[in-house]
Amino acid sequence: MIWQLDLILLLLVLITGIAALSVRDLLSSAIILGAYSFLMCLLWTEMGAVDVAFTEATVGAGVSTVFFVAAIYHTTRRTKD
Amino acid sequence: MDFIIAKYNYWIYIILMMIGLYGMIAKNNLAKKVVGMTLFQTSIILFFISTSVKSGGATVPIVMGDPHLHGHVIPGTVHAIQYLNPLPHVLMLTAIVVMVATFGIAVALLMRIYKRYGTLEGDEIVEIRKQETAS
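All figures in this text were calculated on a predicted structure; none of them were measured in a lab.

Rules used throughout
Here the residue index of a chain counts from 1 through its sequence in written order. Labels follow written order: the first chain is A, the first ligand is 1, and so on. The predicted origin of the model limits local features to residues at a pLDDT of at least 70 and limits the giving and counting of side-chain atom pairs to 80 or more, whereas totals for whole chains, interfaces and linings rest on all residues. Only heavy atoms go into the side-chain values, all of them from the structure, while hydrogens and water stay out. Axes here refer to lines fitted to C-alpha atoms; in helices the fit is confined to the stretch in contact. Angles between the N-to-C directions go from 0 to 180 degrees. By the criteria applied, helices consist of DSSP H or I runs no shorter than four residues and strands consist of E runs no shorter than two, each listed in order from the N terminus. Orientation categories follow fixed angle ranges, with anything under 35 degrees roughly parallel, anything over 145 roughly antiparallel, 65 to 115 roughly perpendicular, and all other angles oblique. Definitions for this section: a left-handed crossing has its near helix turned counterclockwise from the far helix by less than a right angle. A right-handed crossing has that turn clockwise. Note on contacts: a residue pair qualifies if any of its non-hydrogen atoms lie within 4.5 Å across the two residues. Gly is put with the polar residues, along with every residue not named as nonpolar or charged; the nonpolar set is Ala, Val, Leu, Ile, Met, Phe, Trp, Tyr, Cys and Pro, and the charged set is Asp, Glu, Lys and Arg. Here, nonpolar core means buried Ala, Val, Leu, Ile, Met, Phe, Trp, Tyr and Cys residues that are tied together by side-chain atoms lying within 4.5 Å of each other. Type-normalised accessible area, obtained with a 1.4 Å probe on protein chains alone, sets the label of each residue: buried when under 20%, exposed when over 50%, and partly exposed for intermediate values. When two parts are brought into contact, each loses some accessible area as probed by a 1.4 Å sphere; the total of that loss over both is the buried area. Should a side-chain nitrogen of Lys or Arg be within 4 Å of a carboxyl oxygen of Asp or Glu, the pair is scored as a salt bridge. Think of a polar contact as two N or O atoms within 3.5 Å of one another; within protein, one of them needs to be a possible hydrogen donor and the other a possible acceptor, and neighboring residues in sequence only count if both atoms come from side chains. Paired rings are identified among Phe, Tyr and Trp, the last through its six-membered ring, by centres lying within 6.5 Å, and are further divided according to the angle between planes into stacked (under 30 degrees), edge-to-face (over 60) and tilted (the rest).

**Q** Go over the packing of helix α4 (residues 87-117) of chain B against helix α5 (residues 122-134) of chain B with me, naming the residues and quoting the values.
**A** To describe two helices that pack against each other, one gives the angle between their axes and the distance between the axes. Residue and element names in this part refer to chain B. The geometry of α4 relative to α5 is characterised by a closest axis approach of 11 Å and an angle of 45° between their N-to-C directions. Classified by the angle their axes make, α4 and α5 are oblique. Between α4 and α5 lies a crossing of left-handed hand. Contact residues: α4 offers Ile113, Arg116 and Tyr117, while α5 offers Ile125, Ile128, Arg129 and Glu132. Taken together, the residues of the contact of α4 with α5 sort by class into four nonpolar, no polar and three charged.

**Q** Talk me through the nonpolar core; I want residue IDs and the actual numbers.
**A** Of all hydrophobic cores here, the largest spans 45 residues; its most connected members are A:Met40, A:Trp44, A:Phe68, B:Leu46 and B:Ile49. Of all elements in the fold, only α1 (3-22), α2 (26-46) and α3 (50-74) of chain A together with α2 (8-26), α3 (30-50) and α4 of chain B reach the threshold of two or more residues within this core. The greatest single-element share of this core, amounting to nine residues, is contributed by α2(A). Ignoring any residue separated from it by four or fewer positions in sequence, one finds A:Trp44 in contact with A:Ala49, A:Val52, A:Ala53, A:Glu56, B:Thr42, B:Ile45, B:Leu46, B:Ile49 and B:Ile96.

**Q** Describe in detail the interface of chain A and chain B, supporting the description with residues and values.
**A** A common way to report how large an interface is uses the accessible area buried once the components associate. The partner chain B presents 42 residues to the 40 residues of chain A that form the contact. When the buried surface of chain A facing chain B is broken down by residue, A:Leu21, A:Met47 and A:Asp81 rank first, second and third, together holding 18% of it. Run the count over chain A and chain B and you get three salt bridges. Here B:Glu124 and A:Lys80 are joined by a salt bridge, their closest N and O atoms 3.5 Å apart. Taken together, the elements giving at least two residues each to the side of chain A that touches chain B come down to α1, α2 and α3 of chain A. The residue inventory of the side of chain A that touches chain B, partitioned by class, reads 24 nonpolar, 10 polar and six charged.

**Q** Break down the pattern of salt bridges for me, citing the residues and quoting the values.
**A** Evaluated as defined, the whole model comprises five salt bridges over all chains. Here B:Asp123 ties to A:Lys80 by a salt bridge, and the two come within 3.6 Å at their closest N and O atoms. Highlighted residues: B:Asp123 in helix α5 and A:Lys80 in the segment after α3, drawn from two different chains. Residues B:Arg116 and B:Glu132 are paired through a salt bridge, measuring 3.3 Å at the closest nitrogen-oxygen approach. Of this pair, B:Arg116 sits in helix α4 while B:Glu132 sits in helix α5, placing them 16 residues apart in sequence. Among the charged side chains, a salt-bridge network with shared partners connects A:Arg78, A:Lys80, B:Asp123 and B:Glu124.

**Q** For the environment of B:Thr119, give the residues involved together with the corresponding values.
**A** Structurally, B:Thr119 is set in the loop between α4 and α5. In this structure, the C-alpha to C-alpha distance between B:Thr119 and B:Gly23, residues 96 residues apart in sequence, is 19 Å. With residues near it in sequence (within four places) discarded, B:Thr119 still touches A:Arg78, B:Ile113, B:Tyr114, B:Glu124, B:Ile125 and B:Ile128. At 2.7 Å, the side chain of B:Thr119 forms a polar contact with the side chain of B:Glu124.

**Q** Can you break down the packing of aromatic side chains residue by residue, with the values?
**A** Residues and elements named next belong to chain B. In this structure the tally under the stated criterion is four aromatic pairs over all chains. For the pair tyrosine 10 and tyrosine 13, a centre-to-centre distance of 6.0 Å together with 70° between the ring planes defines the contact as edge-to-face. Here tyrosine 10 pairs with tyrosine 13, and both are found in helix α2, just three residues apart, close to one helical turn. What makes tyrosine 10 partly exposed here is its relative accessible area of 30%. Taking 5.9 Å as the distance between ring centres and 85° as the angle between the ring planes, the aromatic pair formed by phenylalanine 47 and phenylalanine 48 counts as edge-to-face. The class of phenylalanine 48 is partly exposed, set by a relative accessible area of 36%. In textbook terms, an aromatic cluster arises when at least three aromatic residues are bridged by ring pairs, as seen for Tyr10, Tyr13, Phe47 and Phe48.

Right, dumping it as structure tokens:
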């Protein structure tokens, strides 16, 4: 575990997490949430938890993003906050 | 000050968890509440995974056997200090699956709510329900 890489990835995770909550478009929010999940996967690889990392990469960053984008396609992109 | 800097990762996990809690409580849009729930769950999983990290060159928990003995291990040569603790990994693998299941249920409920009320904003749904009960 390299602490510089750890700190950079943690700050990027923090930035993408805040961005996913604060953008005013639900489709952008879904895509940024996918980026957040993939950064989380990189963080777990760096911590040595490879099994958790590939589960997160397939299921968290892949399937969840597809579900969310499909749901937004069936509902609406509009959000007030 | 040393206490804050030496445990910087725990502080960042707490900040991330509180951002997720803020999203669940304060955001009005129902899809944003789901995003906040995902942030909250991943921060807790991240905390648990970080408890398995060991300093001093510990690697992934796969026992490396002796190549001269066809991969068998000489008794007494494998020490727990060489490998990461695999128990939090396995527990959090289950938690990720539960996280995706709750996310799928939440997304399905979002689609049903939109079909019924035509909006995803919490206050607009409350307004529509008030009008329905009044008439």
